[in-house]
Amino acid sequence: MSGVRRLFCDYCRDTTEFELSDGFYHCGQCGSQSQDLICTAADDDDVVEDQNRASLYSHIIQRRVSKTDPNRSEPGRSVEPDDGPRDFGSGVRLDPVTVGDGIRMRYVKGLQVILQKQLEVLVEKFGVSPIVCGVANGIWLRYVAVSGVLKEDWISSQIAAHEINEKSKKNHAQFIRRALRRTIPLYSTISISFLSCLIAREPILPTDITDWALNSQFPYLSIFLELENNLSASCPLSSRALFRPVVLLSSWQLETASSEIAERIALQLPPVNFYDLSKRFLREVGLPEGKILPEASRVFEWLLPAEMWVSGNQYAIPTRVSVMAVLIISLRILCDVNGQGVWEMSLEKDLKKENNENGNDEMELNDNMESGFCATDLLRILEASFEKIKVKRDYTNGLDSYIKYCKDVVFPGIAATNDEQAFIDRFWKFYDNNEDNNDNNKGETTNSDHTNINGKRPSDEIDSENKQLKSSKNSSCDSSKTKAIEKMRLEMEENGFTYLTPITKRKNKGYVTYKRVQINRELAYVAHADYYIILRAFARLARVDVRVMHSSVLELERKLAWIEEKISNCLSNGSKDRLVENREMEVDSD
């Protein structure tokens, strides 16, 4: 029988390679012994040879293994005396402490290599400052020291705490692996990478790291393939079993995990880099930085909200949302967006213009941005950028890219057999033939619908189209404006908002705040179209719901109102005290 066989492991729940040792097959990942197959070949010493007859196997001849024979011992295994009866197929018992030490060293070294590769990608590929390497080194060492994984009695204490008995000793490798993953999770590497960028004041968001990991631009999902030959520690588990992540954290969970690591190692974190992040967000939506950043910086210094620090609360608002909320408040103050109906008034002008005047509109918009920035320019830019802000994945371009992504990232290192590869090739040929037929059918239908026998379009269709164009040009602007407003109303209702008509007569020119209103015995968000256009653009950029962005804006507005009220009270009390002092001085002089 061959020394290596592929069998189904009851503990790994997968088909893996089993190695032959002492007549029994052991799993190459967890070290458990197969109960379905044993080697029954006879040894040469057990065969009795005779000249007059054929060789026969004798069950009388028995061989004893010396307990002091060094050739019979293997690393991580102990040969015990046969003092009593044992179950059939029990084989050689494994030493859990020795095997656990090998798993522990391989796991810790592997995570350190993963973190090192992630930092290299951040510096070389994404232009992050090399300072993050030194910062991550200190965080990693403190995190491993606080976890206590490298203590001498850690493995024995874990085994004693969970009371592993004789029956479960054969699965001790999997138990130690789960204990290591609980103590130092796999996602701690990307959390430390994000913490390093945060401390180094780099404008890197959690969404950036998750996107890079999903697009296989950041070493995390399939990095275990590179660790198989880089780590030399003796370990019964493969790199796939140790370092293959089950899930990828979301951006919200990544901030929470990073805060928990910082709290665990007693690391005091700074707030996010508001200036660089604001500059990045304004550049992505196409707004001028020179006019908005100074106003936003003043609001930030005035507020200094606690939401600018990453929080371990899983229900806390992300830091990027708070940064954008400050930008929204600054834009409303700077451009005086307070429900005057700027968007509704701009509809009449935009609907009268023809499509061939788009270039002139852009030139006029750029001139307005240089000369002065008003609410109309702001809403036009944000409406145009809202359609452009979309999350694109590399594997969504087609079936070929998606299958390649699944092969390289989702299921890496799994090779198909010859029969499976033959089936795959047959299906690919079938798919390619159907694609060619569909393309030909589409071309035939389009040609038959829009051309005649001579390959030209009929004159009747051209005349009908000209009539439709003339009728559309002659249509009133009021109907188009009504349709645009109705479309905006439906969109707001889908996102949980209620459309408010513009304010015709303003009692004062102050800042308009929005509150939740009870409509049909239910609390609903209300907003004007001007404010909603700003809100939805930044919400899509932050990849959160519009209501989450609105809640963050309302929270900061309440804090600003509280600060202004306290300052006004202090100023009024101070003026009264001065009047009293002046009167007392006048009385004394008299």
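Coordinates for the structure precede this section.
Bear in mind the structure is a predicted one, so any value in this text is a computation, not a measurement.

A. Representation of the overall build of the protein chain. Broken down by element type, the protein chain carries 20 helices and 9 strands. By residue count, 38% of the 590 residues in the protein chain fall in the buried class. Residue pairs in contact within the protein chain that sit at least 24 positions apart in sequence constitute 72% of those at least 6 positions apart. Surface accessibility of the protein chain: about 36,000 Å² in total, with carbon and sulfur atoms responsible for 50%.

B. The arrangement of the packing of helix α14 (residues 375-388) against helix α19 (residues 529-542) in detail. Across the interface, α14 lies against α19 with an axial gap of 9 Å and an inter-helix angle of 40 degrees. In this structure, α14 crosses over α19, and the sense of that crossing is left-handed. Counted together, Leu378, Leu379, Leu382, Glu383, Phe386 and Glu387 of α14 and Asp530, Ile533, Ile534, Arg536, Ala537, Phe538 and Arg540 of α19 form the full contact between these two elements. Looking at the contact of α14 with α19 residue by residue, the class counts come to 8 nonpolar, no polar and 5 charged.

C. Spatial organisation of the environment of Tyr25. With respect to the secondary-structure elements, Tyr25 resides in strand β3 (residues 24-27). Judged by relative accessible area, which is 0%, Tyr25 ranks as buried. When the C-alpha atoms of Tyr25 and Asp36 are compared, they prove to be 9.1 Å apart, with 11 residues separating the residues in sequence.

D. Layout of the sheet that holds strand β9 (residues 522-528). Pairing is mixed across the open sheet formed by 3 strands, whose spatial order is β7-β9-β8. Looking along the sheet, the strands with just one partner apiece sit at the ends: β7 (497-500) and β8 (517-519). Each adjacent strand pair in this sheet contributes to an overall mean axis angle of 55 degrees, direction not counted. As paired strands, β7 and β9 are joined by 4 bridges and run parallel to one another.

E. A look at the packing of aromatic side chains. In this structure the tally under the stated criterion is 6 aromatic pairs. Ring plane angle 15 degrees and centroid distance 3.7 Å describe the contact between Phe126 and Trp212, whose orientation is recorded as stacked. Highlighted residues: Phe126 in the loop between α1 (96-124) and α2 (131-147) and Trp212 in helix α6 (residues 206-214), separated in sequence by 86 residues. According to the relative accessible area criterion, Phe126 is partly exposed, its value standing at 23%. Centroid distance Phe274 to Phe300: 4.4 Å. Interplanar angle 5 degrees. Geometry classified as stacked. You can see Phe274 sitting in helix α9 (residues 274-285) and its partner Phe300 sitting in helix α10 (residues 289-303), a full 26 residues away along the chain. Taken as a pair, Phe274 and Phe300 share a single burial class, namely buried. In this structure, Arg516 is placed above the aromatic ring of Tyr525, and the distance from its NZ or CZ to the ring centre is 4.7 Å. Between Arg540 and the ring centre of Phe386, over which it is positioned, the NZ or CZ distance is 3.9 Å.

Here is what the cut-offs are and how they apply
Residues numbered from 1 in each chain as written. Predicted model: local features only at pLDDT ≥ 70, side-chain atom pairs only at ≥ 80, totals over all residues. Heavy atoms only, no water. Helix = DSSP H or I, 4+ residues; strand = E, 2+ residues; numbered from the N terminus. Buried < 20%, exposed > 50% of the residue type's maximum accessible area, 1.4 Å probe, protein only. Contact = heavy atoms within 4.5 Å. Areas by Shrake-Rupley, 256 points an atom, 1.4 Å probe, with all protein chains shown as cover. Axes fitted to C-alpha atoms, helices over the stretch in contact; angles between N-to-C directions. Left-handed = near helix turned anticlockwise from the far one by under 90°. Nonpolar A, V, L, I, M, F, W, Y, C, P; charged D, E, K, R; others polar. Pairing = 2+ DSSP bridges. Phe/Tyr/Trp six-rings, centres within 6.5 Å; stacked < 30°, edge-to-face > 60°. Lys NZ or Arg CZ within 6 Å of the ring centre and 35° of its normal.

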